[in-house]
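Analysis of the macromolecular model
As a plain string of letters, each chain reads:
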Amino acid sequence: CIRTDNSKELRTSLSAIQHMETPRWLRIVCNWAVLIVVMFAGVVISFLQFVVTLCSPFLPKKTRIGLCQELANTWWLLFPFVIQVYANIPVVWYGDQLKGECSLTICNHRTTLDFSIAALIATHAESVGCGRLVPLMKRVLRFVPGLGWICYFSGALFLRRNWQKDRAALQAKVEEMATYYPRPFWLALYPEGTRFTEKKMLEAQEFAKKRNETRPKDKQLPIVRHCLLPRPKGFICFAQDKRLRGAMDALNDFTVGVIGGDMRLTAFIKGSKFTTRALHIHLHKTKFKDLPMENEALEKMLYTSFQKKDARLAHLEAHGRYPPEDEPITPAYAPRKSKLTAAFAMWAVVYLCTMATLFIWQVVVANALVLALVTGYSVRNSIDKDGRAPSTETKT
């Protein structure tokens with residue numbers, strides 16, 4: 001009896017230690033350590049891509065782009081690591097299964113960290129990976145160290161958000177992708193054009209209501225509440241292009257929703273935990289050759305897609321999961337947490353080796369201890385199966 005009581009007490013103590021709240025100062029130190037490694041890796045990869053670009057006269061264009069994208073992939077893996085391993089946020093998948101194929105990818109735009117969710121999704125696509133994700137981005141972002149530089153060398157398209165000026169750039173990018181980009185690749189587009197906020201949502205609703213006053217009943221714009229009204233011009237341009245029709249396999253239509261609040265970089269920097277308790281990702285696939293060619297049909301298709309997104313997100317907010325007709329397929333995607341942890345550990349070692357050549361040993365040891373703590377915590381999360389899939393039962 002004494003042994004039994006002691007073992008129960010030991011299990012209780014271990015459980016209490018495991019769920020003990022981490023001191024805020026320690027979270028700040030660890031979060032900053034992760035952030036520094038990510039920024040360091042971004043600078044290194046940018047430099048290596050620059051070197052590859054300097055060798056352009058001696059390399060075929062397809063080879064140069066492929067090398068830059070493979071280099072970028074080693075950096076993009078750090079973002080799924082932060083989400084699925086370090087923050088240990090479960091991901092629930094719905095709808096069609098991902099495949100390694102060329103696709104035009106559209107999604108609702110929630111926060112400035114959506115690029116990290118896009119990287120997470122691409123990590124789960126066979127043969128694609130994060131490096132072959134070709135995003136359309138605001139022109140000003142190309143000057144951002146790490147993110148902007150890597151996307152620039154990897155072949156991203158930076159837009160002025162002026163259709164008259166951007167149209168020629170879009171057409172040139174399509175020609176380049178169809179001719180030189182290694183396959184498979186994803187062309188990523190956020191049709192809303194900007195991230196979701198309450199203010200922008202109200203403005204989009206007001207815009208739709210005014211336009212609906214002069215539009216026929218069968219061509220009314222949707223009034224959405226959980227996303228913004230999409231801008232169809234870019235989507236129509238890509239869907240109608242004959243070169244993409246020959247190069248693309250599918251249209252990947254994602255809906256991304258969160259339980260517990262969006263991920264915020266400011267909160268991460270201040271040492272707070274992400275309020276996000278789970279990510280819910282739905283995929284609807286359409287064969288690219290089956291997309292209509294007419295402007296009105298494509299516009300209606302896009303608006304209908306965002307109406308469905310709005311309904312899914314409303315159901316998620318009310319019931320903690322997408323509607324019953326959207327069956328979860330989470331077991332189809334076993335998180336490769338060990339691979340993501342290994343990617344972070346590799347960059348942590350490279351960072352420490354660089355530090356050792358620049359700073360005194362005390363600074364290097366202090367950094368090593370913090371990164372060892374982060375890595376150990378991440379390894380524990382990598383082998384912890386409890387955080388893989390949250391319950392999708394409907395709330396009562």
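Our structure is the block above this text.
To start, this report covers the structure provided alongside it.

Most of helix H4 (residues 78-86) sits inside the fold, with nine of its nine residues counted as buried. Where H4 terminates, the next one or two residues include Asn88, which has phi positive at roughly 55°.

Per the counting criterion, the structure on display carries 16 aromatic pairs. For the ring pair Phe40 and Trp347, a centre distance of 6.5 Å and an interplane angle of 80° mean the geometry is edge-to-face. With Phe40 in helix H2 (residues 24-54) and Trp347 in helix H13 (residues 337-358), the pair connects residues that are 307 residues apart, well separated along the chain. Judged by relative accessible area, Phe40 falls into the buried class, the value being 17%. In textbook terms, an aromatic cluster arises when at least three aromatic residues are bridged by ring pairs, as seen for Trp75, Trp76, Phe79 and Phe115. For Lys309, the ring lying beneath its charged end belongs to Phe306, and the centroid distance is 5.3 Å.

A complete count under the given rule lists three cavities of 30 Å³ or more for this structure. Looking at the largest cavity, its volume works out to about 140 Å³. Lining the largest cavity are 15 residues, and of these Thr105, Cys107, Ala118, Ile121 and Tyr190 sit closest to its centre. Mapped onto the lining of the largest cavity, the elements with two or more residues apiece are strand S2 (103-107), helix H5 (114-123), strand S5 (186-189) and strand S6 (250-259). Across the lining of the largest cavity, the residue classes break down as twelve nonpolar, two polar and one charged. In this model, the second largest cavity occupies a volume close to 50 Å³. Lining the second largest cavity, in full, are Ala72, Trp76, Leu133, Val134, Pro135, Ile150, Cys151, Ser154, Gly155 and Ala156. Listed by contribution, the elements that provide at least two residues to the lining of the second largest cavity are helix H3 (61-76), strand S3 (133-138) and helix H6 (147-154). Classifying every residue of the lining of the second largest cavity gives eight nonpolar, two polar and no charged.

Taken together, the side chains of Phe47, Leu48, Phe50, Val51 and Leu54 make up a nonpolar region of the molecular surface, amounting to roughly 460 Å² of accessible area. Structurally, Phe47 is set in helix H2.

On to unusual backbone geometry. At the junction of Arg183 and Pro184, the peptide bond is cis and its omega measures out at 0° in the coordinates. Relative to the helices and strands, Pro184 resides in the loop between helix H7 (163-180) and S5. A positive phi is found at Asn88, a non-glycine position, where the angle reads about 55°. Structurally, Asn88 is set in the loop between H4 and strand S1 (91-95).

A cluster of basic residues, Lys138, Arg161, Arg195 and Arg231, forms a positive patch at the surface. Mapping Arg231 onto the fold places it in the loop between helix H8 (198-212) and helix H9 (232-240). By relative accessible area, Arg231 is classed as partly exposed at 47%.

So, on to the nonpolar core. Trp75, Trp76, Ile121, Trp186, Leu279 and Phe344 are the most contacted members of the largest nonpolar core, which totals 64 residues. Counting 30 residues, the second-largest nonpolar core is a separate cluster that includes Met177, Ile236, Phe238 and Leu244.

Let us now look at the environment of Phe196. Within the secondary structure, Phe196 sits in the loop between S5 and H8. Along the primary structure Phe196 and His226 are separated by 30 residues, whereas in three dimensions their C-alpha atoms are 8.2 Å apart. Setting aside its immediate chain neighbours within four residues, Phe196 contacts His109, Arg110, Met201, Arg225, His226, Cys227 and Leu228.

Under the defined criterion, the tally for this structure stands at 13 salt bridges. Notably, a salt bridge pairs Lys285 with Glu101, separated by 2.3 Å at the nearest N-O pair. Placement of the pair is Lys285 in strand S7 (residues 278-287) and Glu101 in the loop between S1 and S2, with a sequence separation of 184 residues. Between Asp241 and Arg243 there is a salt bridge whose closest N-O contact spans 2.8 Å. Salt bridges sharing partners connect three or more residues here, namely Lys61, Lys173 and Glu176.

Let us look at the environment of Thr53. Its place among the elements puts Thr53 in helix H2. Between the alpha carbons of Thr53 and Ile65 there is a distance of 8.6 Å; along the sequence they are twelve residues apart.

Each value, and the rule that gives it
Residues numbered from 1 in each chain as written. Predicted model: local features only at pLDDT ≥ 70, side-chain atom pairs only at ≥ 80, totals over all residues. Heavy atoms only, no water. Buried < 20%, exposed > 50% of the residue type's maximum accessible area, 1.4 Å probe, protein only. Helix = DSSP H or I, 4+ residues; strand = E, 2+ residues; numbered from the N terminus. Phe/Tyr/Trp six-rings, centres within 6.5 Å; stacked < 30°, edge-to-face > 60°. Lys NZ or Arg CZ within 6 Å of the ring centre and 35° of its normal. 1 Å grid on protein atoms, 1.4 Å probe; cavity = no way out; pocket = protein on both sides within 12 Å on 5 of 7 lines; lining within 4 Å. Points joined across faces, edges and corners; volume = space filled by probe spheres on them. Nonpolar A, V, L, I, M, F, W, Y, C, P; charged D, E, K, R; others polar. Patch = residues over 30% accessible without salt bridge, like charges linked within 9 Å, V, L, I, M, F, W, Y side chains within 5 Å. Areas by Shrake-Rupley, 256 points an atom, 1.4 Å probe, with all protein chains shown as cover. Salt bridge = Lys/Arg side-chain N within 4 Å of Asp/Glu carboxyl O. Lys, Arg positive; Asp, Glu negative; His and termini not counted. Charge placed at Lys NZ, Arg CZ, Asp CG, Glu CD. Core = buried A, V, L, I, M, F, W, Y, C linked by side-chain atoms within 4.5 Å. Contact = heavy atoms within 4.5 Å.

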